[in-house]
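Coordinate analysis (summary)
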Amino acid sequence: MINVSPKCIGCNKCVPVCPFAAIQLIDKKAVINEACTLCGACVQVCPVQAIEISREETATRDLGGYKGVWVFVELVEDRAVGGAAKEGGQPAHAKQGRKIRPVTFELLSIGRKLADQLGEELCAVLLTDKNYGYEKDLGAYGADKVYLVENPELYEYNTDIFSTAIVALTHKHKPSIMLYGATIMGRDLAPRVASSLYTGLTADCTALAIKDGQLLQSRPAFGGNIMADILSPRSRPQMSTVRPNVMKLSDPIYGKIAVTVREDIKIDKGLRRVKVLERKLEKADAGVKLDEARVIVSGGRGMKTKERFKHLEELCRLLGGVVGASRGAVDMGLKDKTHQVGQSGTTVSPKLYLSFGISGAVQHIVGMKASDVIVAVNNDPDAPIFNVAKYGIVGDAHEIAPKLIEALKKRKP
Ligand code: SF4
Ligand code: SF4
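Bear in mind that the values here come from a model prediction, so they are computed numbers and not experimental data. Throughout, a residue's number is its position along its own chain's written sequence, starting from 1. Chains and ligands are labelled by the order in which they are written, letters from A for the one and numbers from 1 for the other. Thresholds applied to this predicted model are a pLDDT of at least 70 for local features of residues and 80 or more for the giving and counting of side-chain atom pairs; totals over whole chains, interfaces and linings are not thresholded and use all residues. Side-chain numbers here rest on the full set of heavy atoms in the structure, without hydrogens or water.

1. Comments concerning the overall build of the chain
The line we're drawing: Numbering of helices and strands starts at the N terminus; helices are DSSP runs of H or I of at least 4 residues and strands are runs of E of at least 2. Buried means the residue's accessible area, taken with a 1.4 Å probe over protein chains only, is under 20% of the maximum for its type, while exposed means over 50%, and partly exposed covers the values in between. By definition in these notes, contact holds between two residues if any of their heavy atoms fall within 4.5 Å. Only the protein chains shown count as cover for residues, with accessible areas throughout obtained via the Shrake-Rupley method and a probe of 1.4 Å. Charge assignment: positive for Lys and Arg, negative for Asp and Glu; neither His nor the chain ends contribute. By convention, the charge on Lys lies at NZ, on Arg at CZ, on Asp at CG and on Glu at CD.
If you tally the helices and strands in the chain, you get 11 helices and 21 strands. Judged by the C-alpha coordinates and their principal axes, the chain covers about 85 × 45 × 40 Å. Counting every position in the chain, which comprises 413 residues, the buried fraction comes to 50%. Counting contacts in the chain only where the partners sit at least 6 residues apart, residues at least 24 apart contribute 67% of the total. Carbon together with sulfur atoms contributes 52% to the accessible area of the chain, which is approximately 19,900 Å² in total. When the 57 positive and 46 negative side-chain charges of the chain are each reduced to one mean point, those points stand 2 Å apart.

2. With respect to the site of ligand 2
Our working definition: In this text, near means that some heavy atom of the residue lies within 4 Å of the molecule or strand in question. Here the nonpolar group is Ala, Val, Leu, Ile, Met, Phe, Trp, Tyr, Cys and Pro; Asp, Glu, Lys and Arg are the charged ones; every other residue, Gly included, is treated as polar.
Every residue close to ligand 2 is listed here: C8, I9, G10, C11, N12, C14, L25, A30, C46, P47, V48 and I51. The class makeup of the residues in the shell around ligand 2 is 10 nonpolar, 2 polar and no charged.

3. Digging into the sheet that holds strand β14 (residues 226-230)
The following threshold applies: At least two bridges found by DSSP between two strands are what make those strands a pair. With axes taken as lines fitted to C-alpha atoms, and helix axes fitted only over the stretch in contact, angles between N-to-C directions fall between 0 and 180 degrees.
An order of β12-β13-β14 is seen for the 3 strands of this open sheet, with the pairing classed as antiparallel. Strands with a single pairing partner mark the edges of an open sheet, and in this sheet they are β12 (207-211) and β14. Direction aside, neighbouring strands of the sheet carry axes that sit 30° apart on average. Of the strand pairs in this sheet, β12 and strand β13 (residues 214-221) are connected by 5 bridges, and their pairing is antiparallel. Within β13, the position partnered with L208 by the bridge is Q217. Where helix α4 (residues 102-118) meets the sheet, its contacts fall on β12 and β13, and the angle it forms with β12 comes to roughly 5°.

4. Thoughts on the nonpolar core
Just so we agree on the cut-off: Each nonpolar core is a collection of buried residues, namely Ala, Val, Leu, Ile, Met, Phe, Trp, Tyr and Cys, held together in the definition by side-chain atoms within 4.5 Å.
Ranked by size, the top nonpolar core spans 41 residues in total, and within it F72, L127, I166, Y180, V193 and M239 carry the most contacts. Elements represented by at least two residues in this core include exactly α1 (14-17), α2 (41-45), β5 (69-72), β8 (122-128), β9 (145-150), α6 (159-173), β10 (177-181) and α7 (184-197). Apart from the residues within four sequence positions on either side, V193 is in contact with S163, I166, V167, Y180 and M239. Residues A115, L148, I177 and V242 belong to the second largest nonpolar core, which totals 32 residues.

5. Points about the pairing of strand β15 (residues 238-242)
With 5 of 5 residues buried, β15 lies mostly within the body of the structure. Across the two faces of β15 the burial is the same, with Q238, S240 and V242 and M239 and T241 all buried. By the bridge criterion, 5 bridges tie β10 to β15 in an arrangement that is parallel. When the sheet's bridge partners are listed, G181 is paired in β15 with V242.

6. As for the environment of T183
Selection rule: Here a polar contact is taken to be a pair of N or O atoms separated by no more than 3.5 Å, where protein atoms must pair a possible hydrogen donor with a possible acceptor and residues adjacent in sequence count only if both atoms sit in side chains.
Looking at where T183 falls in the secondary structure, it is placed in the loop between β10 and α7. Accessibility expressed as a relative area gives 7% for T183, which makes it buried. A sequence separation of 21 residues divides T183 from D204, and the C-alpha atoms of the two residues are 9.7 Å apart. Apart from residues lying up to four places away in sequence, T183 is in contact with E74, R101, V103 and P244. Only 3.0 Å separates the side chain of T183 from the backbone nitrogen of G186, close enough to count as a polar contact.

7. Some words on the packing of α6 against α7
Rules: We call two directions roughly parallel when the angle between them is under 35 degrees, roughly antiparallel when it is over 145, roughly perpendicular when it lies between 65 and 115, and oblique otherwise. Two helices that cross are described as forming a left-handed crossing if the nearer one is turned anticlockwise from the farther one by less than a right angle, and a right-handed crossing if clockwise.
As a packed pair, α6 and α7 sit with axes 9 Å apart at the nearest point and diverge in direction by 50°. Considering their axes alone, α6 and α7 lie oblique with respect to each other. Of the two elements, α6 crosses α7, and the hand of that crossing is right-handed. Taking contact as the criterion, the partners of T159, D160, F162, S163, I166, V167, T170 and H171 in α6 are, on α7, D188, L189, R192, V193, S196 and L197. Residue classes in the contact of α6 with α7 are distributed as 6 nonpolar, 5 polar and 3 charged.

8. Looking at the pattern of salt bridges
Condition: A side-chain nitrogen of Lys or Arg and a carboxyl oxygen of Asp or Glu constitute a salt bridge if their distance falls within 4 Å.
This structure, assessed with the given rule, holds 18 salt bridges. One salt bridge in this structure joins E150 and R262, with 2.5 Å as the shortest N-O distance. Here E150, found in strand β9, pairs with R262, found in strand β16 (residues 259-262); they are 112 residues apart in sequence, far enough to count as distant. For E150, a relative accessible area of 30% translates into the label partly exposed. Under the relative-accessibility criterion, R262 is labelled exposed at 57%. One salt-bridge network, held together by shared partners, links R112, D116, D144 and K256.

Given below as structure tokens:
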């Protein structure tokens, strides 16, 4: 329920920000009509806190009315995607505009499975100043429908503007599940939307499934020592963020185009409390980044010294890969934190992941298990890393790495 108290001074600030034209000034007082979706945008701008929203107790909400799996589409400048046009990524369709961040396609891939299990639609939510035919790629990765809000105010990400639009769409269509990338943008947007909707949010999920019609959200907890399974039985939508490279990308089916549903949501620039005054481009790192690497050679505590770690660097050079490290190796000072693979480092999904002297703590496994082929070398046959490895060698990393180097050198012309 929404109510305007006698404190209203008739300043008119709330009228232009309402995305649904639900407020009128009558006799110098704000009056709210039935078009209100309880999005909360007017509450933020009222200078005298005259607008109050009281929410239904979650236990009394009709959860059966919430249907569909939604994925927030993240758009970025081409340069921010960098080399992300990796295999399975997107074609360059948007020379004039921004590109879809690859994590969106990963979310659509898992979202498709969830929607199929529920027998519901998979929808992409696209907020942009201009649509450059994004629905082709979104459809190819499984979206049935694209909710498109096209508005000049959506030319760049802004917390207030984007969250207001998504909250408004959510009130209108009532999705059951909403997924966001655990990127800088997603980590800013999803909590804001969740708090406006009075619902929960599970951050950095590493697995998503359907259990008894509900979203089962799994993520490491207690420093990565255990996996927690989280259900939201009394709130909707069920919201999760997922880090890039955690979910497997499905093969795109080009030709399947999502149905575009244009949503006319009024967005007033008065909602924008933060303005970007200047942008500075930092020089891109010349080296390949871990999250984009096709081959990663990683070392753990078992490498013991920096000298021994150099074998892995040489192996890496021969394979054209990037050097990774477990948290243990970083804690020992064998490599710096920028090389750390895992929940508290970078989540990766290369074609080939070679692991030396890594036992396989949960927080490491969740950061690399999406790799296509994992080869593990460890002298403990019971090391958990072998549970996710396709090929395992029980042996001393310091003996095996030089042998691999020798073999590779022999193969090189
Ligand atoms: Fe306020 Fe949002 Fe309702 Fe408009 S729709 S009156 S902005 S809560
Ligand atoms: Fe009244 Fe507040 Fe709206 Fe101003 S912003 S008209 S004080 S309800």
